[in-house]
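Each chain, letter by letter, is given below.
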Amino acid sequence: GAGVSQSPSNKVTEKGKDVELRCDPISGHTALYWYRQSLGQGLEFLIYFQGNSAPDKSGLPSDRFSAERTGGSVSTLTIQRTQQEDSAVYLCASTQGGLGNQPQHFGDGTRLSIL
Amino acid sequence: AQSVTQPDIHITVSEGASLELRCNYSYGATPYLFWYVQSPGQGLQLLLKYFSGDTLVQGIKGFEAEFKRSQSSFNLRKPSVHWSDAAEYFCAVHTGTASKLTFGTGTRLQVTL
């Protein structure tokens with residue numbers, strides 16, 4: 001497709017389980033971002049990948065959260081030992097480059113619900 | 001660190017009325033400024049952006065925004081609102097050096113018929 005693709009669109013899991021969220025950026029986009037959108041918290045930056053550079057992980061809320069980007073394309077966000085406060089919509093975005101003047105293109109997100 | 005304030009959490013307007021959504025930012029230099037719209041269950045769609053030059057920028061769906069350096073503002077406007085404009089609107093800034101966009105908390109727009 002032409003846009004950023006995220007899967008699954010919805011995920012319900014039990015507290016304590018691990019989850020993996022996938023993002024497929026727009027072809028050719030070198031920069032990829034993960035954000036979290038939760039009630040009362042707005043949109044929070046989680047992690048940023050740009051080309052082969054070391055990712056900026058400064059937004060990851062705890063060591064239960066990790067992300068990787070294989071081959072400079074698809075990214076996976078992993079949450080281990082999920083907690084109820086992890087319930088949120090996780091949004092992925094990509095840009096052609098890592099410069100601030102490149103608009104970020106967003107996927108539709110994964111709605112994560114922790115029971 | 002940069003920050004963005006959207007003082008209006010919720011706004012209701014009648015269809016056909018004009019709209020202005022407020023956005024103020026805090027940053028020492030001129031940031032890159034964006035407005036995004038999010039419909040329920042959807043991701044964020046870019047409405048418009050400001051980088052430099054003309055302070056009045058035009059976007060999609062008939063929206064425009066004006067950058068006012070003296071007020072550190074980037075308010076979004078539309079002369080005549082349509083029912084389909086009901087959504088949540090986010091203002092965002094990027095400093096050009098940081099990795100991320102910094103978002104405001106959003107303004108939810110309701111349109112009455």
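Note: the structure precedes this text.
Report on the accompanying structure. (Residues numbered from 1 in each chain as written. Chains lettered and ligands numbered in written order. Predicted model: local features only at pLDDT ≥ 70, side-chain atom pairs only at ≥ 80, totals over all residues. Heavy atoms only, no water.)

## Here's the deal with the overall build of chain B
Part 1 of the argument: Counting its secondary structure elements, chain B contains zero helices and twelve strands.
Part 2 of the argument: Reading chain B from its N terminus to its C terminus gives the helix and strand order β-β-β-β-β-β-β-β-β-β-β-β.
Part 3 of the argument: Seen through its principal axes, chain B has C-alpha atoms that stretch 45 × 30 × 20 Å.
Part 4 of the argument: Sequence separation of 24 or more characterises 54% of the internal contacts of chain B that already satisfy a separation of 6 or more. (Helix = DSSP H or I, 4+ residues; strand = E, 2+ residues; numbered from the N terminus. Contact = heavy atoms within 4.5 Å.)

## So, the pattern of salt bridges
Part 1 of the argument: For the structure shown, the criterion picks out eight salt bridges over all chains.
Part 2 of the argument: Notably, a salt bridge pairs aspartate 24 of chain A with arginine 22 of chain A, separated by 3.9 Å at the nearest N-O pair.
Part 3 of the argument: Given the relative accessible area of 28%, aspartate 24 of chain A is considered partly exposed.
Part 4 of the argument: Relative accessible area serves as the criterion here: at 40%, arginine 22 of chain A is assigned to the partly exposed category.
Part 5 of the argument: When the shortest N-O distance is used, the salt bridge between glutamate 66 of chain B and arginine 77 of chain B registers 3.2 Å. Of this pair, glutamate 66 of chain B sits in strand β8 (residues 64-68) while arginine 77 of chain B sits in strand β9 (residues 73-78), and the two are eleven residues apart along the sequence.
Part 6 of the argument: Here the salt bridges share partners, and the residues they tie into one network are Glu64, Glu66 and Arg77 of chain B. (Salt bridge = Lys/Arg side-chain N within 4 Å of Asp/Glu carboxyl O. Buried < 20%, exposed > 50% of the residue type's maximum accessible area, 1.4 Å probe, protein only.)

## What about the side chain of aspartate 86 of chain A?
Residue and element names in this part refer to chain A.
Part 1 of the argument: Along the chain, aspartate 86 falls in the loop between β7 (75-79) and β8 (88-95).
Part 2 of the argument: For aspartate 86, a relative accessible area of 1% puts it in the buried group.
Part 3 of the argument: For aspartate 86, the side chain forms a polar contact with the side chain of arginine 64, separated by 2.8 Å.
Part 4 of the argument: The contacts of aspartate 86, once residues within four sequence positions are left out, are Arg36, Arg64, Phe65, Ile79, Leu112 and Ile114. (Polar contact = N/O pair within 3.5 Å; in protein donor to acceptor, adjacent residues only side chain to side chain.)

## What about the pairing of strand β12 (residues 107-112) of chain B?
Residue and element names in this part refer to chain B.
Part 1 of the argument: Of the two faces of β12, only the one carrying Thr107, Leu109 and Val111 is buried; Arg108, Gln110 and Thr112 on the other face are not.
Part 2 of the argument: Where strand β2 (residues 10-14) lies against β12, five bridges are found, and the strand directions are parallel. Residue histidine 10 lies in a different strand from β12, and its bridge partner there is arginine 108. (Pairing = 2+ DSSP bridges.)

## Looking at the environment of glutamate 68 of chain A
Residues and elements named next belong to chain A.
Part 1 of the argument: You can see glutamate 68 is positioned in strand β6 (residues 65-69).
Part 2 of the argument: Overall, glutamate 68 belongs to the partly exposed group, its relative accessible area being 49%.
Part 3 of the argument: For the pair glutamate 68 and leucine 91, spaced 23 residues apart in the sequence, the C-alpha separation amounts to 15 Å.
Part 4 of the argument: Not counting the four nearest positions on each side in its chain, glutamate 68 is found in contact with Phe49, Val74, Ser75 and Thr76.

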